[in-house]
Amino acid sequence: MARLSYTAQRGDYYSAWVFRLSRSVLDALGAVVRLGLAAVFLVSGAIKVLDPAQTRVAVGGYELLPADLVGPVATGLPLVELAVGTLLVLGATTRWVALAAGVLLLMLMAAVAQAWARGLSIDCGCFGGGGAVATGDTRYPQELARDAGFVLLAVWLLMRPRTALSIDSWIRAGSRSGWGRAGHPAG
Amino acid sequence: MSGVEQAEDKRKQQATEVIAAARDGGGGNRMVIAGVAIIVVLAVVIGIAIFGQHRNKPADLPKAIPAAAAGPAYPVSLQGDAIVTGNPQAPVTVDIYEDFLCPHCARLEQMVHPRLAQAAADGKIKLVYHPVSILDRKSVPEGYSTMAAGAAYCAANAGVFPRFHDSLFAAQPAEEAPAYTVAQLQQLGTTLGAGPDFAKCVQAGAGQRVSTATDNADKYISGLRADHEFGTPSVLLNGAVVLNPFNTQWLDKALAGV
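Residues numbered from 1 in each chain as written. Chains lettered and ligands numbered in written order. Predicted model: local features only at pLDDT ≥ 70, side-chain atom pairs only at ≥ 80, totals over all residues.

Attention now goes to the overall build of chain A. On a plain count of helices and strands, chain A comes out with seven helices and two strands. Secondary structure elements in chain A, listed N-terminal to C-terminal, are α-α-α-α-α-β-β-α-α. Here chain A holds 187 residues, and 39% of them are scored as buried. Looking at chain A alone, contacts between residues at least 24 apart form 68% of all its contacts between residues at least 6 apart. (Helix = DSSP H or I, 4+ residues; strand = E, 2+ residues; numbered from the N terminus. Buried ≥ 20, exposed ≤ 12 C-beta atoms within 10 Å, placed from the backbone. Contact = placed C-beta atoms within 7 Å.)

What follows is the structure in C-alpha cells.
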C-alpha cells in the first residue's frame, strides 16, 4: 500500500493502475491455481479414503515399504492429502501448504520413478486403482508428467502465495502483520 | 482528481481502516478466528474421512474358519496335481479348475457342488479338482491362493479334502482384503479330523508345486479354448471346455445319462 500511494503522489497514475491491475489479475490467477491444486488433493484423497483395501494394494504395489508399514501409510496418506486439499481450499498459510504439497508430490513421483526403474508393473494408484497391472499396461511417463504439472502449481503458490478469496488475504486485510511473513508475496 | 481531493480520499481511507481495526480489535483477532475455523474444518474433514475408512472396511473374517457341514461322502485320491474324487471308472468326468480366492469359483461351487458331490458319492462321475493360484496378488497379504491350494493337497492326503474345500469356499475371504493365515488353515484341518502331519504339510507350503500346476493348467486350458484364455473357474466335461459353466445345463446333460 505504501508503495502504491507513493507512486500515485508522484502522479504516475498509469503505472499505478497497471501495477494494481496486474496484481489483482495475478491474485485471481493464484486463486485458480490454488483451487485447482486443492481439487487434485481432495479428489485423490477422497478416492483413497473410500477404498482402503484398494489403497493398501496400491501402496504395497510399490514394494518399497516393509509389510508392517503398508497399512499405516495406506491409512495416513489419504488423510494427509485431504488435509492439504482442505487448507488449499481455505487459502490458509498458503506458502507452507504449497511447500508440503510440492514435497509430497515429489515423494510420490520418486516412488513412481523407482517402480519404473526397477521394472515393476504397477499402476501408480494416484487417483484410485493401483497395484499390479499386466506388463505393457504401465503408464509411468504419463503419471510422472501429470505429477510434474501439479508440482508446477505448487511452485507457483510457493513463489507467490498471495491469492484472492483466501483466508490469508482476509487476515492481511485486517492486519499488516498477517501470519508472520508467510502469507505475503515478496515485496 | 486534484491533489486536494486525493489527500481527502486518503484521509477518509485511513479513518476507515482505523475504525475497522478498532472494531476487530486489530489483525490478531482475525488470526484467532481463522485459526479456530481452520482447525474446525480440518477436524470435520479428517473426522468424516476416518469414519468413511472404518465404515468401508470389509467385514472381519471369523477367527476360526467355520467348518462346513459334512456332505455326501466320496472317495478322494491325489494323482499328481489333480485331486480325483468320486468313481475313477465312471463314464462321466468333470474337471474343475479353481482358485480359492476367486469369487466366481465360490459362486459356481454354490450352484453345482451339491449335485456334483452327490453324483460323486453315488459313483456316477469322476470329479477332479485342480486347485490353482492366479489371484495371489489379490489377497492381503499376497499369496493366499497358493497357500490355500497347497493346503488342499495336504487335506487330500489327510483325508479331509471334501469338507476342507467346502469350508474355504463357504467362508471365502474377499479379494484385496485380509485372507486366512497358515494357522487358521491348520486349525480348520485339525477341526475336520486331520492328523498332525496336516499342520506340518500346510506349514511347509507347496509354492513350487502349485505354481507348476497353475502353469500346466494355463497351457492345457488355453490350448483347448478358441480364445486361448485361461481363467477360473474353468470346467471340463469329458475333456471338453464348458464355455459357460454358470448355465448349469451342462450339468443336467452330464448327469442325464448316468
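Moving on to the overall build of chain B. Across its full length, chain B carries nine helices and six strands. Put simply, chain B has 258 residues, and 38% of those count as buried. For chain B, long-range pairs separated by at least 24 residues make up 77% of all intrachain contacts whose partners lie at least 6 apart in sequence.

One finds Ala 148, Ala 151, Ala 152, Cys 154, Ala 155, Phe 161 and Phe 164 of chain B to be the most contacted residues of the largest nonpolar core, which totals 61 residues. Apart from residues no more than four positions distant in its own chain, Ala 152 of chain B is found in contact with Ile 83, Pro 131, Phe 161, Phe 164 and His 165 of chain B. Leu 37, Val 57, Val 112 and Val 151 of chain A belong to the second largest nonpolar core, which has 37 residues in total. (Core = buried A, V, L, I, M, F, W, Y, C linked by C-beta atoms within 7 Å.)

Let us look at the sheet that holds strand β1 (residues 76-79) of chain B. Residue and element names in this part refer to chain B. The mixed open sheet is built from six strands, whose spatial order is β1-β2-β4-β3-β5-β6. Of all strands in the sheet, those bounded by a partner on one side alone are β1 and β6 (240-241). In the packing of helix α3 (residues 103-121) onto the sheet, contacts are made with β2 (82-86), β3 (92-98) and β4 (125-131), and the angle to β4 comes to roughly 145°. (Pairing = 2+ DSSP bridges. Axes fitted to C-alpha atoms, helices over the stretch in contact; angles between N-to-C directions.)

Within chain B, residue pLDDT values average 87, and 88% of them lie at 70 or more. The ipTM value of the predicted complex is 0.74, and its pTM value is 0.54. (pLDDT = per-residue confidence, 0-100.)

This part takes up the pairing of β1 of chain B. Residue and element names in this part refer to chain B. Bridging between β1 and β2 involves four bridges; their strand directions are antiparallel. Directly across from Val 76, in β2, lies its bridge partner Thr 85. Once β1 ends, the chain turns through two residues before running back antiparallel as β2, passing Gly 80 with a positive phi of about 65°.

Residues and elements named next belong to chain A. Here Trp 156 shows up in helix α6 (residues 140-159). The class for Trp 156 is buried, based on 20 C-beta atoms found within 10 Å. Sequence-wise, Trp 156 and Arg 95 are 61 residues apart; in three dimensions their C-alpha atoms are separated by 9.5 Å. Apart from residues lying up to four places away in sequence, Trp 156 is in contact with Gly 30 and Val 33.

Residue and element names in this part refer to chain A. Contact geometry for helix α4 (residues 67-90) and helix α5 (residues 94-117): axes closest at 10 Å, N-to-C directions at 145°. Where α4 crosses over α5, the two elements pack in a sense that is left-handed. Residues Val 80, Val 84, Leu 87 and Leu 88 of α4 lie in contact with α5, whose contacting residues are Val 97, Ala 100, Ala 101 and Leu 104. Here the contact of α4 with α5 is composed, by residue class, of eight nonpolar, no polar and no charged. (Left-handed = near helix turned anticlockwise from the far one by under 90°. Nonpolar A, V, L, I, M, F, W, Y, C, P; charged D, E, K, R; others polar.)

A cis amide bond links Val 140 of chain B to the next residue, Pro 141 of chain B, at an omega of -5°. With respect to the helices and strands, Pro 141 of chain B occurs in the loop between β4 and α4 (144-158). Cis peptide bonds are those with omega within 30 degrees of zero, and the linkage from Thr 232 of chain B to Pro 233 of chain B qualifies with -5°. With a phi angle near 55°, Leu 165 of chain A is a residue other than glycine that sits in the positive phi range. Note that Leu 165 of chain A resides in the loop between α6 and α7 (167-174). A count of 16 C-beta atoms within 10 Å places Leu 165 of chain A in the partly exposed class. Its identity is not glycine, yet Glu 176 of chain B carries a phi of approximately 55°, on the positive side. Exposure remark for Glu 176 of chain B: the 22 C-beta atoms within 10 Å place this residue in the buried category.

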